[in-house]
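# Breakdown of the fold
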Amino acid sequence: MKRVDHVKASRNFIADEKHIEFHDKRLWGLRTSRDAAAHGIPEWEALRTLASGIKEHTLTHLADYLEEFERNAINNGVVVHWAADAEEHNRIVHEILSKRGAKSLVKSKSMLTEECGMREYLEARGILVVETDLGERIQQLDDEKPSHIVVPAVHKLAVDVADVFARKLGTDPNNSDVYYLADAQRQTTRPLILNADAGMTGCNFAIAETGGITVCTNEGNADLSANVPPLHIASIGIEKLIPKLEHLGVFVRMLSRSALGSPITQYTSHFRGPRVGGEMHYVLVDNGRSERLAMDDFWYSLKCIRCGACMNTCPVYRRSGGLSYGGVYSGPIGAIINPTYDLKKYSALPFASTMNGSCTNVCPVRINIHEQIYKWRQIIAERHELPFVKKEAMKAAGKVLANPKLYRAAMKTANGALATLPRAFIYNPFNAWGKQREVPASPKYTFRDWYLKRNKAK
Amino acid sequence: MSNRQAILAKLRAAQPAPRPLPMVPLFDHNLPPALMTFKQSLALIGGTWVDAPADGDIEAAIRARFPTAQVICSAVDEVRGSRRIEDVADPHDLFDVDVAVVRPAFAVAETASIWLSEAEYRVNSLGYLAQHLVALLDLDDIVGNLHHAYHPPVSD
C-alpha cells in the first residue's frame, strides 16, 4: 500500500482560492449552527456524558448485545448475516441479490459500504448500483469518494456540480442554480427507485432490545430505498449497537444538532421487520472493529456516531478537504480510524492536526480524539514511520528544547536571523511550515528578555 | 454460521473491562408549553403550521391549499381524497400522489417530529413518494421531548 501524502494531496485543493474559501466558510457555518443548537439544550453536556457511557457500556458487552439483537431481529422476520470483513460483506450482498435475480440496487448513504468498496464489487458483477443521496450521487457520478461523512460533496461548488451533471445527466452546463441541479437529480433518480429490484440502507443505531434499526437521513431517500422495492438489505457495523429503545432519545437528540445544527434529521426512520410480501436482511459487519476493540488506547473511537462535527471544527480539515486524507474516513476521526486499518498507509494522517483539541470538545460521544492523535504520533515515531525531514527536525528540536541554554541561544540567533536572512533561505524546502504561509515577524526581544527586564525594573 | 461464532469469540476476547450502563433521565423539568415549542421547531425545519379550519371542512381546506393537485391520497377518515389508501395494493402505485393525508400517532415538540408507522400509513411509501404531506395532529398527542417519545408509556 502506498503511503498517503496528505500535504501533497491537499496542495491541489489549496491551489484554488475559491474552493478553499467556500469549503472553509461552509463547514465553519455548520460548526456555528451546531453551537447554537447545542447551547439551546441546557442538558447538552450531560447528554454527551450519557452517550459516551451508553456506548462504552455497550462496547464492553458487545457480543451479548449482538446476540440479543440477532435473536430479536430473527423473531421479527429479518434474515441476519455475519461478515468478518469487507470481502465477505460484499459476497453476502451479492448472493442475496443474485439469488433473487435482482439487477438493480438503490441505496442510501452508508460509510460502511464505502469502507467495503461494495459499489465497485457489485458493478463488476453486473448489478446497477444507484446512490440516492444527492451529495453521494454527485460523488458517484464524478467517480470520487465522499469527501465528508455527512455532506459528501461539500468540496464542490455549484458550478462543479453543474459540470458533472451536464456530463452525466445531460443538464445545461451553464446553469448552476442549486434548485435546477437538485431537481435534475431528483427527476433522474426517481424512476430508478421505482424500477429497482432491491433497496439498501446503512444503519445509524441498532437496538438490541427490539432487533430494530434506526436510519437518519435528510432527503427521505433511505425510506424510498427501503419501502419501495420488495427487498431491503441493511449493512450494519457491529459498533452501531445500543441496548434499549430509550437510549435512542440521547443519540437522536445529539446527532443532527452536532452534524448540521438542525434539531433532528428530516427523516428518522425505524425499521423492525419486512413489510407484508417483502424481505429484509441485516448484514452485521466486523471488518477490523473487533481488532480495534482490543486496542487499549484506540477502542474509544468505536463510540463514533458519524456526525462529522470533528471535521467541521478542524482547521486542517477545512483547509485541506476530505479527499486529501486518501481514506474512507477523513478529518480528525479519519486520522484516528484509518491507521487502525493500515498504519503504514495512513501514517501521515495523525500529523494533519494542530492539536487544538476542538474535535474532542465538540464530539457528542466524548471521544478523546486529539489525545488519540497524539498517541498515534508516538506509535508512528516508535515504529520509524516518520518522514526523514520531520524526524531530523524533531530530533534537533528535542535537543534544543530539552536544554534551556541551547534554547535561549537558538531563539536569539533565530530572531536575529529571521530579520536579516534572505527569503530563499527561510522558505527553504525543509521549512514545511513556510510553504503555504508567511513566517510571522519576530518580536524585538524574547519573552525571557522581557521577563528579566520587567523584574529588574520592579 | 462459523462466521458468527468467530466474530463473537473475537469480540469476547477483545472486550475491555465492563463499564456500567447509565440511567437516562427524561430531562422534562421546566419544559416550555409543547405546542409553542412544536411550532417553533417546525418553522426551523421548514414545515408549515396550519390551524384547523373553523368550519371543520378539512377536505376543502386541503383542496384550497393545493389547487393543482391531481391525486390526493387519504389514510384518514376525515378526508375522502381522490384515492383511498385502503385501495392501494402495491407501494409503487403511489408514484403519482400529489398530496398524502395522514394522522400521526403522536408528535414531539422539541424536534417538531411526527410519528408515522405502517399502522398509520398502511402503505409506507405514501409518506415518501407523495409530493406533499398533510398531517392531522391532535394537540393532546404532542410529547415534550425525544426522551418521552422513546420511553415505553408508563401505565398508572
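Conventions used here
- Residues numbered from 1 in each chain as written.
- Chains lettered and ligands numbered in written order.
- Predicted model: local features only at pLDDT ≥ 70, side-chain atom pairs only at ≥ 80, totals over all residues.
- Heavy atoms only, no water.
- Helix = DSSP H or I, 4+ residues; strand = E, 2+ residues; numbered from the N terminus.
- Rg over C-alpha atoms; globule rule 2.2 N^0.38 Å.
- Buried < 20%, exposed > 50% of the residue type's maximum accessible area, 1.4 Å probe, protein only.
- Patch = residues over 30% accessible without salt bridge, like charges linked within 9 Å, V, L, I, M, F, W, Y side chains within 5 Å.
- Areas by Shrake-Rupley, 256 points an atom, 1.4 Å probe, with all protein chains shown as cover.
- Salt bridge = Lys/Arg side-chain N within 4 Å of Asp/Glu carboxyl O.
- Expected span 1.5 Å × (residues − 1).
- Pairing = 2+ DSSP bridges.
- pLDDT = per-residue confidence, 0-100.
- Core = buried A, V, L, I, M, F, W, Y, C linked by side-chain atoms within 4.5 Å.
- Domains from an automatic or database assignment.
- Contact = heavy atoms within 4.5 Å.
- Buried area = accessible area lost by both parts, 1.4 Å probe.
- Nonpolar A, V, L, I, M, F, W, Y, C, P; charged D, E, K, R; others polar.
- Disulfide = S-S within 2.5 Å.
- Axes fitted to C-alpha atoms, helices over the stretch in contact; angles between N-to-C directions.
- Left-handed = near helix turned anticlockwise from the far one by under 90°.
- Phe/Tyr/Trp six-rings, centres within 6.5 Å; stacked < 30°, edge-to-face > 60°.
- Lys NZ or Arg CZ within 6 Å of the ring centre and 35° of its normal.

## A few points about the overall build of chain A
Counting its secondary structure elements, chain A contains 22 helices and ten strands. In terms of C-alpha radius of gyration, chain A reaches 25 Å, essentially the compact-globule figure of 23 Å for 458 residues. When the 458 residues of chain A are sorted by exposure, 56% land in the buried category.

## Quick look at a nonpolar patch on the surface
A surface patch of nonpolar side chains, about 530 Å² in accessible area, is lined by Tyr-445, Phe-447, Trp-450, Tyr-451 and Leu-452 of chain A. By the secondary structure assignment, Leu-452 of chain A is in helix 22 (residues 447-457).

## Overview of helix 3 (residues 44-59) of chain A
For helix 3 of chain A, built from 16 residues, the straight-helix expectation of 22 Å at 1.5 Å per residue is met to within 8% by its first-to-last C-alpha distance of 22 Å. Counting buried residues in helix 3 of chain A gives 13 out of 16 residues, a clear majority hidden from the surface.

## Focus: the sheet that holds strand 6 (residues 132-135) of chain B
Residues and elements named next belong to chain B. The sheet built from four strands is open, its strands ordered 2-1-3-6 with parallel pairing. Since the sheet does not close on itself, it has two edges, and those belong to strand 2 (83-84) and strand 6, each with one partner. Bridge count for strand 1 (residues 72-74) against strand 2 is two bridges, and the pairing is parallel. Pairing of Ser-74 across the sheet is with Arg-84, part of strand 2.

## Thoughts on the sheet that holds strand 5 (residues 113-115) of chain B
Residues and elements named next belong to chain B. Reading across the sheet, the three strands line up as 5-4-7 and stay open at both edges, with mixed pairing between neighbours. Every other strand in the sheet has two partners, leaving strand 5 and strand 7 (142-143) as the edge strands with one partner each. Direction of pairing for strand 4 (residues 106-108) relative to strand 7: parallel, over a ladder of two bridges. From the neighbouring strand, Val-108 faces strand 7, where its bridge partner is Val-143.

## Overview of unusual backbone geometry
Here Asp-143 of chain A, not a glycine, exhibits a phi torsion of approximately 60°, which is positive. In this structure, Phe-27 of chain B takes a positive phi of about 45° despite not being glycine. Mapped onto the elements of the fold, Phe-27 of chain B is located in the loop between helix 1 (2-14) and helix 2 (34-44). In this structure Phe-27 of chain B comes out as buried when scored by relative accessible area, which is 19%.

## Comments concerning the confidence of the model for chain B
Looking at chain B, pLDDT values average 95 and 96% of them are 70 or higher. Per the prediction output, this complex has pTM 0.91; the corresponding ipTM is 0.96.

## Observations regarding the nonpolar core
Residue and element names in this part refer to chain A. Membership of the largest hydrophobic core comes to 64 residues, with the highest contact counts inside it found for Phe-205, Val-250, Phe-251, Ile-367 and Ile-369. The element best represented in this core is helix 12 (residues 248-259), accounting for seven residues. When residues of this core are assigned to domains, at least three map to each of domain 1 (1-40 + 309-386) and domain 2 (43-287). What Phe-205 contacts, discounting residues up to four positions off in sequence, is Gly-212, Ile-213, Thr-214, Cys-216, Lys-240, Ile-242, Leu-248, Phe-251, Val-252, Leu-255 and Ile-305. Core analysis: the second largest hydrophobic core is formed by 33 residues, Leu-59, Ala-63, Ala-206 and Leu-284 among them.

## Notes on the interface of chain B and chain A
Facing the 39 residues of chain B at the interface are 56 residues of chain A. Note on chain B versus chain A: buried area summed over both sides is about 4400 Å², and carbon and sulfur give 63% of it. Of all residues in chain B, the largest losses of buried area upon contact with chain A belong to Arg-19, Tyr-128 and Tyr-150 of chain B, amounting jointly to 17% of the total for that side. The interface formed by chain B and chain A holds eight salt bridges in total. The residue Arg-4 of chain B makes a salt bridge to Glu-67 of chain A at a minimum N-O spacing of 3.9 Å. For the side of chain B that touches chain A, the secondary structure elements donating two or more residues are helix 1, strand 5, helix 5 (126-129) and helix 6 (146-150) of chain B. Ranked by the residues each element gives to the side of chain B that touches chain A, the list is headed by helix 1 of chain B, at eight residues. Residue composition of the side of chain B that touches chain A, grouped by class: 24 nonpolar, ten polar and five charged.

## Focus on the state of the cysteines
Here, the word disulfide means a covalent bond between the sulfur atoms of two cysteines. Overall, the coordinates contain zero disulfides over all chains when judged by the stated rule. With no disulfide of its own, Cys-216 of chain A lies closest to Cys-203 of chain A among cysteine sulfurs, the gap being 9.1 Å.

## Things to note about helix 12 of chain A
Residues and elements named next belong to chain A. In a regular helix each residue adds 1.5 Å, so twelve residues correspond to 16 Å; helix 12 covers 16 Å between its end C-alpha atoms and thus fits that length. Every buried residue belonging to helix 12 is among Leu-248, Gly-249, Val-250, Phe-251, Val-252, Arg-253, Met-254, Leu-255, Ser-256, Arg-257, Ser-258 and Ala-259, and all of these are buried. Remark: Gly-261 follows helix 12 within two positions and exhibits a positive phi of approximately 85°.

## Here's the deal with the domain arrangement of chain A
Here chain A is partitioned into domain 1 (1-40 + 309-386), domain 2 (43-287) and domain 3 (396-457). For domain 2 of chain A versus domain 3 of chain A, the distance between C-alpha centres works out to 51 Å.

## Overview of the packing of helix 8 (residues 134-141) of chain A against helix 9 (residues 158-169) of chain A
All names here are of chain A. The geometry of helix 8 relative to helix 9 is characterised by a closest axis approach of 10 Å and an angle of 65° between their N-to-C directions. Between helix 8 and helix 9 lies a crossing of left-handed hand. Residue-level contacts link Leu-134, Ile-138 and Leu-141 of helix 8 to Val-161, Val-164, Phe-165, Lys-168 and Leu-169 of helix 9. Split into classes, the residues belonging to the contact of helix 8 with helix 9 amount to seven nonpolar, no polar and one charged.

## Looking at the side chain of Ser-52 of chain A
Positionally, Ser-52 of chain A belongs in helix 3. Non-local contacts of Ser-52 of chain A, meaning those with residues more than four positions away in its chain, are made with Lys-303, Val-365 and Arg-366 of chain A.

## Some thoughts on the pattern of salt bridges
Summed over the entire model, instances satisfying the criterion amount to 35 salt bridges over all chains. Among the ionic pairs, Glu-56 of chain A bridges to Arg-19 of chain B, the shortest N-O distance being 2.7 Å. Placement of Glu-56 of chain A in helix 3 and of Arg-19 of chain B in the loop between helix 1 and helix 2 is noted, with the two residues assigned to different chains. Judged by its relative accessible area of 29%, Arg-19 of chain B is partly exposed. Here the salt bridges share partners, and the residues they tie into one network are Asp-64, Glu-67 and Glu-70 of chain A together with Arg-4 and Arg-12 of chain B.

## Remarks on the packing of aromatic side chains
Under the defined criterion, the tally for this structure stands at eleven aromatic pairs over all chains. With a centroid separation of 5.9 Å and 25° between ring planes, the pair formed by Phe-447 of chain A and Tyr-451 of chain A is classed as stacked. Note that Phe-447 of chain A and Tyr-451 of chain A are positioned in helix 22 at a spacing of four residues, about one turn of the helix. You can call Tyr-451 of chain A partly exposed: its relative accessible area is 37%. What links up through ring pairs into an aromatic cluster is the set Tyr-267 of chain A together with Tyr-121 and Tyr-128 of chain B. Seen from the ring of Tyr-445 of chain A, Lys-453 of chain A lies directly overhead, with NZ or CZ sitting 4.9 Å from the centre.

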